[in-house]
Amino acid sequence: MQKYLQIIPNHLSIDFIGKFKYFMAFSVITFIAILVALWTKGLNYGVDFTGGTVMQVKFNQPTSPEAVRKMMEELGESEASVVAMGDNNQEFMITSRSNLETKDAKALSPINARLVEKVGANQVTVLSVDVVGPKVGAELKGAALRSLFYSVILITIYIWLRFDVRFAPGATIAMIHDLIMATGFYLLTGREFTITAIAALLTIAGYSVNDTIVVYDRVREMLKQSGSNLPLPQTINKAINLTLSRTVLTSLITLISIVPIIILCKGEIQSFAIAMCFGIFVGTYSTMYIASPFTIYVERFLENRNGKTKSSRPTSKPATV
């Protein structure tokens, strides 16, 4: 018989379900805090959504990012973002968005021209300039948020077509939980929320659903086994323990491909990778402490509604993808 690598033995019996109330309370409090922060503070939208100028420049002499930021501040661009490109401290990606709506005639001149005028044409070269108007940025933001909303709706429809009424609510709540938590990551870190962030949220949503499906599929198999008399909470807890090794291996392999991006890359791609690392942990957490316990609540609700006293055995649709 072929043997598979198992980091965690199958015979473990960790009581995940027994502690779920504490974790669920933590999630509810965090969920409310994120919504309040979104309402009062809002996300740090990038140039893609607000409008602005993104330019890549190269200095003839090595210059520190702090020195470039000071130059931008002296030009009236205190909120400009400066990211070093490469290791020689000569090329920088500068993002500015404050000069597009100002009424200062001097500030209305292109930021790249003002930078060259300040530093000197013989000291800096502008390699590229991309300008996004405020109106275009607002339209792009609306389109991106709508695409995220429609994607979540389609994933939700798939979940409800794939699972029965006992399992679908938990998977749906877990996916929404992970999206809110990932949004909280951008709020907490202050990283720019751009089209890349939308891609990160959609990837996290898919990862969350996939991780939940793995546990749900094992629960379905255990419920179909003849002679299985375990109540649903114990069945789910055992399923989580049995799939724990697979979950850890999948997360580690994903992290192996993401961590180098965090170390070697900068800018939006680095933010995407960091958000994905956060999403991996949150997706695993929500499967154990959000989706699974919620399934138990739904089961109890259906039993009370139908006047049953014994735990019914749900016949779920195949939970594989």
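In this text, all values refer to a predicted model and were calculated from it rather than measured experimentally. (Residues numbered from 1 in each chain as written. Predicted model: local features only at pLDDT ≥ 70, side-chain atom pairs only at ≥ 80, totals over all residues. Heavy atoms only, no water.)

Quick word on the side chain of Ser286
As for its placement among the helices and strands, Ser286 is situated in helix H9 (residues 268–306). Its relative accessible area of 0% is what places Ser286 among the buried residues. Setting aside its immediate chain neighbours within four residues, Ser286 contacts Ala174, His177, Asp178, Ser208 and Ala291. (Helix = DSSP H or I, 4+ residues; strand = E, 2+ residues; numbered from the N terminus. Buried < 20%, exposed > 50% of the residue type's maximum accessible area, 1.4 Å probe, protein only. Contact = heavy atoms within 4.5 Å.)

Regarding helix H3 (residues 65–74)
Where H3 is concerned, the buried positions are Pro65, Val68, Met71 and Met72. The buried residues of H3 all sit within an arc of 115° when viewed along its axis, so they share a single face. Opposite the packed face of H3, turned more than 90 degrees from it, sit the exposed residues Glu66 and Lys70. Against strand E1 (52–59), strand E2 (81–85), strand E3 (91–96) and helix H4 (111–119) lie the buried residues of H3. (Arc of directions from axis to C-beta.)

Let's talk about the nonpolar core
Counting residues in hydrophobic clusters, the biggest one holds 58 residues, and the most contacted among them are Phe163, Tyr186, Phe193, Val219, Ile236 and Ile240. The set of elements that each furnish at least two residues to this core consists of helix H1 (20–40), helix H5 (134–162), helix H6 (168–189), helix H7 (195–224), helix H8 (232–264) and H9. Among the elements that line this core, the one with the most residues is H7, at 14 residues. In this structure Tyr186 touches Leu43, Arg191, Glu192, Phe193, Ala197, Ala200, Ser271 and Ala275, once residues within four positions along its chain are discounted. Counting 15 residues, the second-largest nonpolar core is a separate cluster that includes Val68, Met71, Met72 and Val82. (Core = buried A, V, L, I, M, F, W, Y, C linked by side-chain atoms within 4.5 Å.)

Looking at the side chain of Ser271
Relative to the assigned elements, Ser271 resides in helix H9. Residue class for Ser271 comes out buried when judged on its relative accessible area of 9%. Contacts of Ser271, omitting those with residues within four sequence positions, involve Phe185, Tyr186 and Arg191.

Comments concerning the packing of H5 against H7
Direction vectors running N to C along H5 and H7 enclose 10°, while the axes themselves pass 10 Å from each other. By the angle between their directions, the pair H5 and H7 is classed as roughly parallel. Between H5 and H7, the contacting residues are Leu140, Ala144, Leu145, Ser147, Leu148, Ser151, Ile155, Tyr158 and Ile159 on the first element and Ile195, Ile198, Leu201, Leu202, Ala205, Val209 and Ile213 on the second. Taken together, the residues that form the contact of H5 with H7 break down as 14 nonpolar, two polar and no charged. (Axes fitted to C-alpha atoms, helices over the stretch in contact; angles between N-to-C directions. Parallel < 35°, antiparallel > 145°, perpendicular 65-115°, else oblique. Nonpolar A, V, L, I, M, F, W, Y, C, P; charged D, E, K, R; others polar.)

Quick look at the sheet that holds E1
Within the open sheet, the four strands sit side by side as E2-E3-E1-E4. Their pairing is antiparallel. Two strands in the sheet have a free side with no partner beyond their single neighbour: E2 and strand E4 (124–132). Strand-to-strand twist of the sheet, defined as the mean angle between neighbouring strand axes without regard to direction, takes the value 15°. Relative to E3, E1 runs antiparallel, the two sharing six bridges. Within E3, the residue paired with Lys58 across the bridge is Glu91. (Pairing = 2+ DSSP bridges.)

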